[in-house]
Amino acid sequence: APEITIKAAHAASATNTGHLALEYMDKELRERTDGKVGLEIFPNGQLGGERELIESIQLGNIDMVFVSSAPLASFNKQFFALDMPFLFENRDSVYKVLDGDIGQELLSSLDGVGIVGLGYWENGFRQLTNDRQVVHTAEDLKGLDMRTMENQIHLMAWRELGTNPAPLAFNELYTALQQGTFEAQEGPINLFRDMRFDEVQKYISKTNHIYSPFVVLMNPEVQYRMSDQQQAIFSQVFQDAKAYQRGLALEADEAATAELVEKGITITTLTPEQLKSFSSQMKPVYDRVEDIVGADFAKRVIEAAQ
Amino acid sequence: MTALILFGLFGLLLMASVPIAIALGLASTAALLFSGKVSSSYVAQGLVTSIDSFPLMAVPFFILAGNLMSHGGLSERLLAVGKILFGRFNGGMAVIAVVTCMFFGAISGSGPATVAAVGAILLPAMTRNGYRPAFSSGLIASAGSLGIVIPPSIPMVIYASSANVSVTGLFLAGIIPGLIIGLFLIGYAWLVSRREGIGLKEPSPSIKQALATVWDAKWALLVPVIILGGIYGGVFTPTEAAAVAVFYGLIVGLFLYRELNLKSLYQILADSALVTATIMIIVGAATIFGRVLTIERIPVQLTEWVMEFISDPLMLLLLINILLLIIGTFMETLAAVIILTPILLPIANNIGVDPIHFGIIMIVNLAIGMITPPVGVNLFVASRVASLSLEKIMRSAVPFLIVMLAALLLITYVPAISLGLGNLINS
Amino acid sequence: MKFLDKYFEEILLVALISIMSALIIAQIFMRFVIGSSITWSEELARYLFIWVTWIGTSYAVKKHAHIRVTAFSQKFPQRFSHHINIMTYIVFMVFCGLVIKEGIALTEKIFRFNQQSASLGVPMGYVYLAPVVGLSLTVLRLLQAIYQEIHAILSGGKTA
Ligand code: NA
Ligand code: NA
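What you are looking at is a predicted structure, and each value in this text was computed from that prediction instead of being measured. Here the residue numbers are simple positions, counted from 1 along each chain's written sequence. The lettering of chains begins at A and the numbering of ligands begins at 1, in the order of writing. Whole-chain, interface and lining totals are the exception, using all residues; otherwise, since this is a predicted model, local features are given only for residues with pLDDT of at least 70 and side-chain atom pairs are given and counted only at 80 or more. To get the side-chain values, all heavy atoms of the structure are used, and hydrogens and water are removed first.

**Here's the deal with the interface of chain C and chain B**
Working step 1: Every residue pair with non-hydrogen atoms within 4.5 Å of one another is taken to be in contact. On the side of chain B, 52 residues touch chain C, which itself brings 53 residues to the contact.
Working step 2: Here the buried area means the combined drop in accessible surface, using a 1.4 Å probe, for two parts upon being joined, counting both sides. Here chain C packs against chain B, burying approximately 4,800 Å² in sum over the two surfaces, 78% of which is carbon and sulfur.
Working step 3: We define a salt bridge as a side-chain nitrogen of Lys or Arg found within 4 Å of a carboxyl oxygen belonging to Asp or Glu. Where chain C packs against chain B, one counts 1 salt bridge.
Working step 4: A salt bridge links Asp52 of chain B to Arg46 of chain C; its shortest N-O distance comes to 2.6 Å.
Working step 5: For this analysis, a polar contact is any N or O atom pair within 3.5 Å, provided that within protein one partner can donate a hydrogen and the other can accept it, and provided that sequence-adjacent residues contribute only side-chain to side-chain pairs. Summed over the shared surface of chain C and chain B, the result is 8 residue pairs in polar contact (both at pLDDT 80 or more).
Working step 6: Elements supplying a minimum of two residues to the side of chain C that touches chain B: helix H1 (2–34), helix H2 (41–62), helix H3 (81–112) and helix H4 (125–154) of chain C.
Working step 7: Counting residues per element, the side of chain C that touches chain B draws most heavily on H1 of chain C, which supplies 15 residues.
Working step 8: By the convention adopted, Pro, Cys, Tyr, Trp, Phe, Met, Ile, Leu, Val and Ala count as nonpolar, Lys, Arg, Asp and Glu as charged, and the other residues, Gly among them, as polar. Here the side of chain C that touches chain B is composed, by residue class, of 35 nonpolar, 11 polar and 7 charged. Where helices and strands are cited, they refer to DSSP runs of H or I of at least four residues and of E of at least two residues respectively, numbered from the N terminus.

Next comes the structure, spelled out in structure tokens:
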């Protein structure tokens, strides 16, 4: 076993691209440090859900995690800025924000709450799925019972769009969709496929309403366990893993889309005008985000994303 | 060594009659302190996060609903209707208990919640009708575990996702095995009732009497209609259904049957909170115990070690069952599914077991784990609800355990039981 | 004082479990009948549920309701039963002490890092306070129980 074992955990499945990236890091670290540094990976929420994992980083119980940005907002409200719907048009604009000053500022702001933010991997653009009808415009959403993440901005956005949103434990979602307690949900297409929601949902609209990164976090103590040279190697391996993971995520997204089409799921690409029917209603949501993260910061994020 | 501390200390404290939750918690803390892999603040954190779960809240709500129905006159009327249907047979009430558990478990998907609800409703009545309390509690604890076998079932959703099989297919595959286990339990209960001469053995009522009984029970009969209809009709989730049952039981007990008053209501609320707490603290501590097993990689090592010795497929399948039973005894169902699926599924694939069939084998094993001492959460609930010592319940659960193991063997070695329905529908 | 001793946890628990149920019932009513969900009810109910568990732990000591296996300890002569009980109470207290110690440090950290709940935006520290408060009450109840056992030993071991 390596001298320095970094305990890494996450709540995604062991086939998720984030998990594969951690395995990649483990392999590369061992190779480049003569087997002295390695990872021990706990997938599938074995050590807790995302909120608990972030907390475990603060408490020093776990060394490294990746989580979606939504639960991070409970720890640092600036992260609500990434929840502004329809902020990003495509991945280029995502990378401009996340890999630029804004992304770095967000990561640095975590220092104050006992967390080192390493960087951003990809969970995916979130899409709207439902079992009632093909959704082209916001008009089609009226009264749709919808499951969202437990995040006030997400909830508010879907309420503005005329749905009836409520949070629900992710574990319970399949059954709730099957029985019709909820008719709609939203999330990355990848996860939709992994959770087998294709058996209980018929329509996917490519709304790309929010981009969910995996934010990779580390306990500040970990760096002191490594020598300067090992730290430098770790940083390099992390950068390589980022490129590797983003490539995998893109491929996985395309593969999932193809597979779902084959299974008979109707995937609808929306025209700019149709997307406008959603995004034009987001003013109150943006106002709320401004209230939370500050008007200046919100403005800078919006500008950087253009 | 860490495993030795974990299990050794737990066993020791258990024998010293320390409360089970405390034994689990202390053993976990000691193991963490010894291995140093995670700081022991992990325990304090886990005592909150492991019960921070909406699905788990079905447990207090069903306990409360059961108590309200039992004190509010609903249970009695439901039973009167049950007697009309099954009263002519020996052990009729035992049959009612199993069938009720199957329905209840089917919707709640939670073993402990099922035992709590059905136990609170039926146990007093069964005792009044001559059943030994230990027997009826053992029966209900066992039948309550069917909740994760009969769809819908959250453990199945999780298995399907990590095994990459269809959830609907898995749900379908669970139906017949669930019914078979139910029938096995009914058969055994019937044999015992006949041998001991218990049962209702009442003369069949006249049509007029029967109608009067049904009419009197109309409000109570709406309970299953509301709960089942509400969930299958997509009005609410199982946890919400439990809360609706609380509300409905309260209204009927207070205003329609008028058998509840504010004083009894206060007592019911206090008792339900007490039962809830004694169960949830064990669930919380057991979750932490399971997490420590995970951190120390004990299930993985055990599996790898065991699998080295065997290559014969039939033996291997038997061994996998034993392994699942042991781990299911000590770990919470979902955690066990998450950890074991990636290790065991490739082995099962290798010996040609269909992944859906294997999912059912795993789920049935873990269901049996709910009634396997010393960590059988259904036994704890039954012991609380029936106010019986844990030893009595454990002892009385043994024959049911054997019956379920027999069903498990059948399900393991006859794939058609699990796969037949799906194949029939697909063809 | 006597009133507090008798009813403190009980009244608290009745209040907590009532509110918890009312919240979920209201949530269903709002979603199904009014067609507009309350988004914070589930969260609040969940956190009350955690408080019910930990306040209930203390209440369960008072009511001698904690689930345990007595098959082995019963093999000892009857006159030792009080001694065995005292020993289990002390082990229980050790656990309480460990959790309270870790729990205070944990709660302090979580308050300091100002983590907020996802829907209500209240400090999560209040949730983590539940085992600390509940087990502190439990320690008092355990001391009370030990006192009763000692009393029983001294008075000839007939009653507790
Ligand atoms: Na079920
Ligand atoms: Na068990």
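**Looking at the interface of chain C and chain A**
Working step 1: Counting residues at the interface gives 20 residues for chain C and 21 residues for chain A.
Working step 2: Of the roughly 1,700 Å² buried where chain C meets chain A, counting both sides, 46% is carbon and sulfur surface.
Working step 3: Seen at the junction of chain C and chain A, the total is 1 salt bridge.
Working step 4: As a salt-bridge pair, Glu150 of chain A and Arg46 of chain C come within 3.7 Å of each other at their nearest N and O atoms.
Working step 5: Sorting the residues of the side of chain C that touches chain A by element identifies H2 and H3 of chain C as the ones contributing at least two each.
Working step 6: Broken down by class, the residue content of the side of chain C that touches chain A amounts to 6 nonpolar, 9 polar and 5 charged.

**Focus on the pattern of salt bridges**
Working step 1: The tally for this structure, following the rule as stated, stands at 32 salt bridges over all chains.
Working step 2: Of the charged contacts in the structure, one is a salt bridge between Glu40 of chain A and Lys37 of chain B, with a shortest N-O distance of 3.4 Å. Placement of the pair is Glu40 of chain A in strand E2 (residues 37–42) and Lys37 of chain B in the loop between helix H2 (20–35) and helix H3 (41–49), with the two residues belonging to separate chains.
Working step 3: The buried label goes to any residue with under 20% of its type's maximum accessible area, the exposed label to any with over 50%, and the partly exposed label to all in between, with areas taken from a 1.4 Å probe on protein chains only. Judged by its relative accessible area of 14%, Glu40 of chain A is buried.
Working step 4: Overall, the relative accessible area of 28% leaves Lys37 of chain B in the partly exposed class.
Working step 5: For Arg46 of chain C, the salt bridge identified is with Glu42 of chain C, shortest N-O distance 2.9 Å. Here Glu42 of chain C and Arg46 of chain C lie together in helix H2, a separation of 4 residues that amounts to about one turn. Each member of the pair, Arg46 of chain C together with Glu42 of chain C, is buried.

**Description of the pairing of strand E3 (residues 64–68) of chain A**
Residue and element names in this part refer to chain A.
Working step 1: Among the 5 residues that make up E3, 5 are buried, leaving the element largely enclosed by the rest of the structure.
Working step 2: Of the two faces of E3, the one lined by Met64, Phe66 and Ser68 and the one lined by Val65 and Val67 are each fully buried.
Working step 3: Here, any two strands with at least 2 DSSP bridges between them count as paired. Note: E3 against strand E9 (residues 211–218), 5 bridges, orientation antiparallel. Along E9, the bridge assignment pairs Val65 with Leu217.

**Concerning the environment of Pro152 of chain B**
Residues and elements named next belong to chain B.
Working step 1: Structurally, Pro152 can be placed in the loop between helix H8 (133–144) and helix H9 (154–163).
Working step 2: You can call Pro152 buried: its relative accessible area is 8%.
Working step 3: Along the backbone, Pro152 and Ile356 are 204 residues apart, and their C-alpha atoms lie at a distance of 15 Å.

**Some remarks on the packing of aromatic side chains**
Working step 1: Aromatic pairing here means that ring centres of Phe, Tyr or Trp (its six-membered ring) are within 6.5 Å. Orientation follows from the plane angle: under 30 degrees is stacked, over 60 is edge-to-face, and everything else is tilted. The full count for this structure, using the stated rule, is 20 aromatic pairs over all chains.
Working step 2: Where Phe7 of chain B meets Phe289 of chain B, the ring centres are 5.8 Å apart and the plane angle is 80°; that geometry is what we call edge-to-face. On the criterion of sequence distance, the pair formed by Phe7 of chain B in helix H1 (residues 2–15) and Phe289 of chain B in helix H14 (residues 262–295) is long-range, its members being 282 residues apart.
Working step 3: Its relative accessible area of 0% is what places Phe289 of chain B among the buried residues.
Working step 4: Here the guanidinium or amino end of Arg77 of chain B rests over the ring plane of Tyr257 of chain B, the centre of that ring lying 3.6 Å away.
Working step 5: The side chain of Arg297 of chain B reaches across the aromatic face of Phe42 of chain A, ending 4.9 Å from its centre. Definition used: whenever NZ (Lys) or CZ (Arg) falls within 6 Å of the ring centre and also within 35 degrees of the ring normal, the charge is taken to sit over that ring.

**Here we look at the UniProt feature "transmembrane region" (unreviewed entry) in chain C**
Residue and element names in this part refer to chain C.
Working step 1: UniProt positions are given in the numbering used here, feature names are shortened, and annotations may be inferred rather than shown by experiment. Here the UniProt feature "transmembrane region" (unreviewed entry) sits at residues 12–32, 44–61, 82–100 and 120–143.
Working step 2: Taken end to end, residues 12–32 comprises 100% helix and 0% strand; its first and last C-alpha atoms sit 30 Å apart.
Working step 3: For the annotated span residues 120–143, helix accounts for 79% and strand for 0% of the residues, and the straight-line distance between the end C-alpha atoms is 37 Å.

**Quick notes on helix H7 (residues 111–128) of chain B**
Side chains that are three or four residues apart share a direction in an α-helix, a result of its 3.6 residues per turn.
Residue and element names in this part refer to chain B.
Working step 1: Look at H7: 25 Å from first C-alpha to last across 18 residues, which is about the 26 Å you get at 1.5 Å a residue.
Working step 2: Along H7, the helix axis deviates most sharply at Gly119, where the bend reaches about 45°.
Working step 3: Burial within H7 is extensive, with 15 of its 18 residues counted as buried.
Working step 4: Just downstream of H7, Gly130 is the residue with a positive phi angle, here 95°. For a helix, the expected span equals 1.5 Å multiplied by the number of residues minus one. Here the bend at a residue means the angle between the axes of two seven-residue stretches, the one that ends at it and the one that starts at it.

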